[in-house]
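Given next are the chains, with one letter for each unit.
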Amino acid sequence: MPSDNQRLALLPVGRTGRRDRPSLLLTGGSGVLGRALIDELSPDFDLLCLRRDTPLRDPRVRELRGDLVAPRLGLSPLAWHELALEVDVVVHCAAETNWRTPPQDITRTTLRGADNMLDLAARADAPLYLVSTAFVADAPTEEGRRRFPGAAAYLDSRATAEQMTREAGVPGAIVRLSLVMGDSVSGRIARQQGLTRTIGSMVLGQIPVLPGVPESRIDVVPQDYVSGAIGDLVRGGVADGEFWLTAGKEAIGLGEFADVCADVAVRHGLPRPRRPRFVPVDAVHRLLLPMLEGTSLPASLRRRLEHHAELLLVCQRDLPFDTSLGEPDCGTRPTRADIRAALVRNAERWAGEKAGLLTRNGAAAAAPMGVAS
């Protein structure tokens, strides 16, 4: 995708005035990671958050209304120049993560957004921290591209944005995340996302089959571990490198993930969900997904099963990721016990917020079955 920006066509002429703290521009501030980054970075930086429509309404940040994919973020030439004069650091974590979005829109958001942030960082002489995904390590298969074009566009465009960043020569770092869950202590998360919905469906026993084998790793990391590592990189002035914010060898297996959710269901008064049937990945493409396409299952159930299959097919691994957590200026490395405990707290938090739904499901499970005469 060609750039709309001419790098360094207009250079800052020097900052004026005294500021107590450096200014940091954050994109994606309303998202799961963005909210955690506001908590992490607000004590040390004057935060300026780019947003399009929905206000953040957070007194710790100033809001800049603009369009991530428009030239100059939709700002006037003067406002764009003044922004470059002000910004000391750029953290770009905005992305289109809804894989139901048309693939061309996912690609446009990722690439235009990265191009604009690279241009701003170059003009501001500021380091750029590009938040990407660890799952670029696994390119989509042709079968995966056909069945899951949104997920394929997400992974392909993320890989391209990383390459753009490497070639731009802007100081900073590429930060690759695995799946991010809520806080490791409270289980709090800013909004429901794919992983949260999967946890909820497993607690309710609504996932009869899972792609993979019980030992397949599902790499999830609590949001506070991720935001803490990014905060350390930024505060440490790390100006080069690629960092993997993943569980790595400490990632739990898919079977253990299912067992944690089942234990939470029991603690909240539900019958213990039957352990999902694990289906080898090749059989998912060959049998399960074609069966769903031609089945008479209700559309809502079919979409839910397809969604979970897509998420897990993209995100599970037989081999562990590398991890940079625990290295200098890169946060703390969680243990396997830490990951499991955080998953329990996330599932408990979900269940606590869905008490009415759990009560209805428990009542439905306890109701006697009618017998046809």
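Anyway, here's the lowdown on the structure attached to this text. The structure presented is a predicted model; accordingly, all values stated were derived computationally and were not measured.

## Some remarks on the overall build of the chain
Part 1 of the argument: When helices and strands are counted, the chain shows 12 helices and 14 strands.
Part 2 of the argument: Counting the 373 residues in the chain, one finds 51% classified as buried.
Part 3 of the argument: By element, 52% of the accessible surface of the chain is carried by carbon and sulfur atoms, the whole surface being about 17100 Å².

## Quick word on empty space enclosed by the protein
Part 1 of the argument: Following the criterion strictly, the structure yields one cavity of 30 Å³ or more and no others.
Part 2 of the argument: In this structure, the largest cavity occupies an estimated 90 Å³ of space.
Part 3 of the argument: Every residue lining the largest cavity is counted, 13 residues in all, and those nearest its centre are His92, Ala94, Thr110, Leu130 and Arg158.
Part 4 of the argument: Broken down by secondary-structure element, the contributors of at least two residues to the lining of the largest cavity are α3 (103–124), β5 (128–133) and α5 (149–168).
Part 5 of the argument: Its residues assigned to classes, the lining of the largest cavity comprises eight nonpolar, four polar and one charged.

## As for the pairing of strand β2 (residues 46–51)
Part 1 of the argument: Burial analysis of β2 places five of its six residues in the buried class, which makes it a mostly covered element.
Part 2 of the argument: Bridge count for strand β1 (residues 23–27) against β2 is five bridges, and the pairing is parallel. Looking at the pairing, Ser23 lines up with Asp46 of β2.
Part 3 of the argument: What joins β1 to β2 is helix α1 (residues 32–41), and the crossover it makes is right-handed.
Part 4 of the argument: Sheet analysis places β2 next to strand β3 (residues 61–65), joined by five bridges and oriented parallel. Within β3, the residue paired with Leu50 across the bridge is Leu64.

## Thoughts on unusual backbone geometry
Part 1 of the argument: A positive phi angle, near 50°, is found at Arg57, a position not held by glycine.
Part 2 of the argument: Within the element layout of this structure, Arg57 appears in the loop between β2 and β3.
Part 3 of the argument: Look at Asp329: it is not a glycine, yet its phi comes out positive at around 60°.
Part 4 of the argument: Along the chain, Asp329 falls in the loop between β14 (316–317) and α11 (336–353).
Part 5 of the argument: According to the relative accessible area criterion, Asp329 is partly exposed, its value standing at 39%.

Rules behind the numbers
Residues numbered from 1 in each chain as written. Predicted model: local features only at pLDDT ≥ 70, side-chain atom pairs only at ≥ 80, totals over all residues. Heavy atoms only, no water. Helix = DSSP H or I, 4+ residues; strand = E, 2+ residues; numbered from the N terminus. Buried < 20%, exposed > 50% of the residue type's maximum accessible area, 1.4 Å probe, protein only. Areas by Shrake-Rupley, 256 points an atom, 1.4 Å probe, with all protein chains shown as cover. 1 Å grid on protein atoms, 1.4 Å probe; cavity = no way out; pocket = protein on both sides within 12 Å on 5 of 7 lines; lining within 4 Å. Points joined across faces, edges and corners; volume = space filled by probe spheres on them. Nonpolar A, V, L, I, M, F, W, Y, C, P; charged D, E, K, R; others polar. Pairing = 2+ DSSP bridges. Right-handed = clockwise from strand over helix to strand, strands pointing away.

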